[in-house]
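Analysis of the macromolecular model
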Amino acid sequence: MSTVPLIELRDGALIPQLGFGVFQIPPEETAEAVKTALHVGYRHIDTAEMYQNERGVRQGIRDAGLDRAEVYITSKLNNGFHAPDDARRAFDDTLKALATDYIDLFLIHWPLPTLYDGDFVSTWQTLEEFKITGRARSIGVSNFQIEHLQRLAQVTDTTPAVNQIEVHPYFTNDTVRAYGADHGIATEAWSPIAQGIVLGDPVVQRIAEATGRTPAQVVLRWHIQRGDIVFPKSVTPQRVRENFALFDFELTDSDISALTTLDKGEAGRTGPNPDQFDYIPR
Ligand SMILES: NC(=O)c1ccc[n+]([C@@H]2O[C@H](COP(=O)([O-])OP(=O)(O)OC[C@H]3O[C@@H](n4cnc5c(N)ncnc54)[C@H](OP(=O)(O)O)[C@@H]3O)[C@@H](O)[C@H]2O)c1
């Protein structure tokens, strides 16, 4: 079995660089998918209140016969709960759903700069409370652009431990990544294989043939060598195993740069633009 490196976050906590994402896994299928991933060897699960499958994550950990403390769990504050009192209630609900008294990492899911009078600062200050009381071991943000991170830096006391953003070869998001690197904010790359879109690219295919690995392994290895944290999602056991086998081969510098030059800038973004995104689940 391959060994997943641990990355030290700015607050001293250690996070496995490779995890398992559960976005779009239906609640009733989540326990089985998580159990499969844990049996393969994953020890880091990325969920969110918005995914409605936190309970399934907890059940999957139980079904795998593991203690809660053996698994690194991330969840995220849903978009409708940015007001501080709502955030406190939502955080309690997340801990309840996960049947735990602490979470390893809690994130603001989206900055929502067009909602709440543009105030994500008081939301962040509420997450700071969760960190101070130890109920969140680490706190961070997701989908924050540079100007959002700058605003937090100007008016708050703590820097997010991570920024979870869309990153893959068609959307390298390197400006936001570089800001993170300069300010001690670890980048977590969501949709690391762009939900499969990048896998048929001729450059990815060529490197896969040359290394004898699959296109998904090549793209995931590119993220690992760039130093980002990734958690590919799959409900297919064979793919769950494939995506975990990333630590017994290396890409060359020229492979890495060939993949990085596939970047299409904004045209390569597959998810919403955080500057405009204002979805509140009902
Ligand atoms: N913070 C945010 O706003 C945000 C947004 C999106 C995602 N995320 C997080 O990032 C995680 C990963 O992103 P994602 O789920 O959007 O996409 P992804 O991991 O890039 O891709 C998942 C898709 O690729 C397929 N797939 C997985 N492994 C494969 C392989 N080896 N070969 C071929 N196809 C493969 C899966 O199919 P099957 O499942 O059918 O096998 C699924 O359709 C999420 O689960 C979530 O935890 C966060």
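Above this note sits the structure.
Report on the accompanying structure. (Residues numbered from 1 in each chain as written. Predicted model: local features only at pLDDT ≥ 70, side-chain atom pairs only at ≥ 80, totals over all residues. Heavy atoms only, no water.)

1. Considering the site of the ligand
For clarity, the cut-off: Note on terminology: near, applied to a residue and a molecule or strand, indicates that one of the residue's heavy atoms is within 4 Å of it. Definition of a polar contact: a pair of N or O atoms within 3.5 Å, with one able to donate and the other able to accept a hydrogen when the atoms are protein atoms, and with sequence-neighbouring residues admitted only if both atoms are side-chain atoms. To be clear on the numbers: accessible area is Shrake-Rupley with a 1.4 Å probe, and residue cover counts the displayed protein chains and nothing else. Of the grid points, spaced at 1 Å and generated over the protein atoms alone, those admitting a 1.4 Å probe that cannot get out make up cavities, while open sets with protein on both sides within 12 Å along at least five of seven lines make up pockets; any residue with an atom within 4 Å of a point is treated as lining. To qualify as sitting in a cavity or pocket, a molecule needs more than half of its atoms within 2 Å of the grid points. Following the grouping adopted for this structure description, the nonpolar residues are Ala, Val, Leu, Ile, Met, Phe, Trp, Tyr, Cys and Pro, the charged ones are Asp, Glu, Lys and Arg, and the polar ones are all others, Gly among them.
Around the ligand, a shell composed of 28 residues is seen, among which Asp46, Ser191, Lys233, Ser234 and Thr236 lie nearest. In the environment of the ligand, an oxygen atom lies 2.7 Å from a nitrogen or oxygen atom belonging to the side chain of Ser191. Expressed as a share of its isolated accessible area of 900 Å², the protein-covered part of the ligand is 88%. Cavity membership is defined here by more than half of the atoms lying within 2 Å of grid points; on that basis the ligand lies in the largest pocket. For the shell around the ligand, the residue count by class is 13 nonpolar, 10 polar and five charged.

2. Looking at the layout of surface pockets
The condition that has to hold: Grid points are joined across faces, edges and corners, and a volume is the space filled by probe spheres set on the points.
Its volume calculated, the largest pocket comes out at about 680 Å³. Around the largest pocket sit 34 residues that line it, and Phe23, Gln24, Trp190, Ser191 and Gln195 are the ones nearest its centre.

3. A closer look at the pairing of strand 8 (residues 162–166)
Spelled out, the test is: Exposure classes here rest on a 1.4 Å probe applied to the protein chains alone. A residue is buried below 20% of its type maximum, exposed above 50%, and partly exposed in between. Counting from the N terminus, the helices are DSSP H or I runs at least four residues long and the strands are E runs at least two residues long. Viewed with both strands pointing away, a crossover whose connecting path from the first strand over the helix to the second turns clockwise is right-handed.
Judged by how many residues are buried, strand 8 sits mostly within the fold: five of five residues are covered. The parallel pair strand 8 and strand 9 (residues 186–190) is bridged by helix 6 (residues 174–183), and the resulting crossover is right-handed.

4. Regarding helix 3 (residues 84–97)
Residues spaced three or four apart along an α-helix point in a common direction, a consequence of the helix completing one turn every 3.6 residues. Rules: Helix span is expected to be 1.5 Å times the residue number reduced by one. This arc is built from the directions going out from the helix axis to the C-beta atoms. By definition, residues are in contact when any of their heavy atoms lie within 4.5 Å.
Between its terminal C-alpha atoms helix 3 stretches 20 Å, which fits the 20 Å expected from 14 residues at 1.5 Å a residue. Within helix 3 the residues assigned to the buried category are Ala87, Ala90, Phe91, Thr94, Leu95 and Ala97. Down the axis of helix 3, the sector holding all buried residues measures 160 degrees, keeping them to one side. Contacts from the buried residues of helix 3 go to helix 2 (54–63), strand 5 (72–77), strand 6 (103–108), helix 4 (121–132) and strand 7 (136–142). At the exit of helix 3 stands Ala99, carrying a positive phi of roughly 50 degrees.

5. Notes on the sheet that holds strand 9
This is how it is decided: What makes two strands pair is DSSP finding at least two bridges between them. Here the axes come from fitting lines to C-alpha atoms, over the contacting stretch only for helices, and the angles between their N-to-C directions go from 0 to 180 degrees.
Read from one edge to the other, the open sheet built from eight strands follows the order 3-4-5-6-7-8-9-10, with strand pairing classed as parallel. The strands lining the two open edges of the sheet, one partner per strand, are strand 3 (20–21) and strand 10 (229–230). Sheet analysis places strand 3 next to strand 4 (residues 44–46), joined by two bridges and oriented parallel. Bridge pairing in strand 4 links Phe20 to Ile45. Where helix 3 meets the sheet, it contacts strand 5, strand 6 and strand 7, and its direction lies at approximately 140 degrees from that of strand 6.

6. Some words on the environment of Leu262
Within the secondary structure layout, Leu262 lies in the segment after helix 10 (253–260). For the pair Leu262 and Phe171, spaced 91 residues apart in sequence, the C-alpha to C-alpha distance is 8.1 Å. What Leu262 contacts, discounting residues up to four positions off in sequence, is Pro169, Tyr170, Asp201, Val203 and Val204.

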